[in-house]
Amino acid sequence: MSASGSGASNSDAGASSSVKKAFPQVDLQGNDLPPSPAPSSPHTGRRYNIATELVYTDSNDQYNASSVPIYQSATFKQSSGSGGGEYDYTRSGNPTRTHLERHLAKIMSAQRALVVSSGMAALDVITRLLRPGDEVVTGDDLYGGSHRLLKYLSTNGGIVVHHVDTTQPEKVMEVLSEKTAMIVDIPKIATAAHEANPKCLVSVDNTMMSPLLLNPLELGADIVYESGTKYLSGHHDLMAGVLAVNDLSLGERLYFPINASGCGLSPFDSWLLMRGVKTLKVRMDQQQSNAQRIAEFLESHGFKVRYPGLRSHPQYELHNSMARGAGAVLSFETGDVDVSERIVESAKIWAISVSFGCVNSLISMPCRMSHASIDAKTRAERAMPEDLIRLCVGIEDVDDLIDDLRRALVQSGAVNMNLDGFTANTASE
Ligand SMILES: Cc1ncc(COP(=O)(O)O)c(C=O)c1O
Ligand SMILES: N[C@@H](CCSC[C@H](N)C(=O)O)C(=O)O
């Protein structure tokens, strides 16, 4: 990292956290700023429970439209030759996007949220805070795309990336130093990271949990980001990424690359995401309860299942100390890649597909699909078995999902039939 660690400094702009200083008239280089949408002002009144907050929105629409209008306009007329309107150009800001950002800031318990064109774009925006030489400490169980972006930056951008087992905080401590500009995990690690370098940015990918189950900002994180493609939208009909912060000057530093590169979310996708997020609680509740039943079903038949809702999960207690639920993604092993492939291809309701968080249930083989961008050697080092099957559970009737899975397990030869029913082939090993 730069000896000064300036790449991720919270105070580079010399700005305090006050709104006034966070929204200066000039950028860090002293150039005029384009109109930046008004900062999120999420906490204007009484705070309701999340199920209410998800659907309740304040809007100042001129016709009191109950669904925020889609401002499908690239530019906005100004009232004078010197500009000065709240919006001038949709890359810089758009009313539909601002409405969504304010709503998300509220449900993410943040002072400011920003929405961009994908989850990866959100991580890319965060990494724009880094400078050559900065060090990033991150998990060894990252999503394949995040691994790929960080690897690209370490190869081409002079960033040093340490992948460590973040379930063992002592491993993280070994690589923390005043050079650590960015780190990914909470909350013990957040404390240690800020002790090692107060300017270090603790950044959490909350995609698997969603704000319904986890608020990383409340656990010591500086930045939380999510793929809005998943639970937040819930229908696989859009790509989006969300960033949320409490430090308004940091929010402004994240806004800068969004405007500069043009990755802000389009008006139509902002509208779709706004619509989707309102049903987050009902969807997640159903998905999570289905996932729990399915995880128990598989474990009861002798499969090695990874799901933080099971007591057998090594971080069961830790997970529950931070989160309000286990989510709806689980995985299991069959001991044989060919058997796994047959299971995946035998399932009918479960669609063979990457992604998760959708109302439909999905089945996939991560090593060949979502995590294929991590090379086979690294996957093996990170204990990612090639036969692993991932289930991303939807809102369908859980008995139908289990029936379909049971049939696929039998048809693929993954289980031994016996008088009591069936048991995973691997169970007897
Ligand atoms: C945990 C996680 N984070 C981030 C992303 C990136 O999101 P997106 O596909 O919206 O770019 C994904 C999936 O792609 C993911 O699984
Ligand atoms: N071909 C894509 C794969 C996307 S994986 C999407 C999602 N995060 C998941 O975990 O399933 C790529 O190369 O990024």
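Residues numbered from 1 in each chain as written. Chains lettered and ligands numbered in written order. Predicted model: local features only at pLDDT ≥ 70, side-chain atom pairs only at ≥ 80, totals over all residues. Heavy atoms only, no water.

### Re the packing of helix H11 (residues 280–300) against helix H15 (residues 398–412)
- H15 packs onto H11 with a crossing angle of 30° between their chain directions and a minimal axis gap of 10 Å. If you check the angle between H11 and H15, you find them roughly parallel. When the axes of H11 and H15 are compared, the crossing they make is right-handed. For the pair H11 and H15, contact is made by Asn290, Arg293, Ile294, Phe297 and Leu298 and by Val398, Asp399, Leu401, Ile402, Leu405, Arg406 and Leu409, respectively.
- Among the residues forming the contact of H11 with H15, the class breakdown is eight nonpolar, one polar and three charged. (Axes fitted to C-alpha atoms, helices over the stretch in contact; angles between N-to-C directions. Helix = DSSP H or I, 4+ residues; strand = E, 2+ residues; numbered from the N terminus. Parallel < 35°, antiparallel > 145°, perpendicular 65-115°, else oblique. Left-handed = near helix turned anticlockwise from the far one by under 90°. Contact = heavy atoms within 4.5 Å. Nonpolar A, V, L, I, M, F, W, Y, C, P; charged D, E, K, R; others polar.)

### Here's the deal with the site of ligand 2
- In the vicinity of ligand 2, the contacting residues are Tyr143, Arg148, Lys230, Val354, Ser355, Phe356, Ser370 and Arg390.
- Taking Arg148, its side chain carries an N or O atom lying 2.7 Å from an oxygen atom of ligand 2.
- Here an oxygen atom of ligand 2 sits 2.5 Å away from a polar atom, N or O, in the main chain of Ser355.
- Calculation on ligand 2 without its partners gives an accessible area of 390 Å², and the protein chains cover 67% of this total.
- Taken together, the residues of the shell around ligand 2 sort by class into three nonpolar, two polar and three charged. (Near = heavy atom within 4 Å. Polar contact = N/O pair within 3.5 Å; in protein donor to acceptor, adjacent residues only side chain to side chain. Areas by Shrake-Rupley, 256 points an atom, 1.4 Å probe, with all protein chains shown as cover.)

### Details of the sheet that holds strand E2 (residues 135–139)
- Strands sit in the order E1-E7-E6-E5-E4-E2-E3 across an open sheet of seven strands; the sheet is mixed. The two strands at the open ends of the sheet, each matched to only one other strand, are strand E1 (112–116) and strand E3 (160–164). Geometrically, the sheet is characterised by an average inter-axis angle of 20° between neighbouring strands, direction not taken into account.
- Pairing geometry for E1 and strand E7 (residues 241–245), over five bridges, is antiparallel. Bridge pairing links Val116 to Gly241 in E7.
- Against the sheet, helix H4 (residues 119–127) engages E1, strand E4 (180–183), strand E5 (201–205), strand E6 (223–227) and E7, with an angle of about 155° to E6. (Pairing = 2+ DSSP bridges.)

### A closer look at the UniProt feature "modified residue: N6-(pyridoxal phosphate)lysine" (unreviewed entry) in the protein
- In the numbering adopted here, UniProt assigns the feature "modified residue: N6-(pyridoxal phosphate)lysine" (unreviewed entry) to Lys230.
- Relative to the assigned elements, Lys230 resides in the loop between E6 and E7.
- Note on Lys230: relative accessible area 14%, which makes it buried.
- In this structure Lys230 touches Thr207, Ser355, Phe356 and Gly357, once residues within four positions along its chain are discounted.
- Polar side-chain contacts of Lys230 include one of 3.2 Å to the side chain of Ser227. (UniProt positions renumbered as here; feature names shortened; annotations may be inferred. Buried < 20%, exposed > 50% of the residue type's maximum accessible area, 1.4 Å probe, protein only.)

### Brief notes about the pairing of E1
- Most of E1 is tucked away, with five of its five residues classed as buried.
- Both faces of E1 are covered, namely the face carrying Arg112, Leu114 and Val116 and the face carrying Ala113 and Val115.

### A few points about the site of ligand 1
- In the region of ligand 1, the neighbouring residues are Ser118, Gly119, Met120, Tyr143, Asp205, Thr207, Ser227, Thr229, Lys230, Met239, Ala240 and Phe356.
- Within the contact set of ligand 1, a nitrogen atom lies 3.5 Å away from a side-chain nitrogen or oxygen of Thr207.

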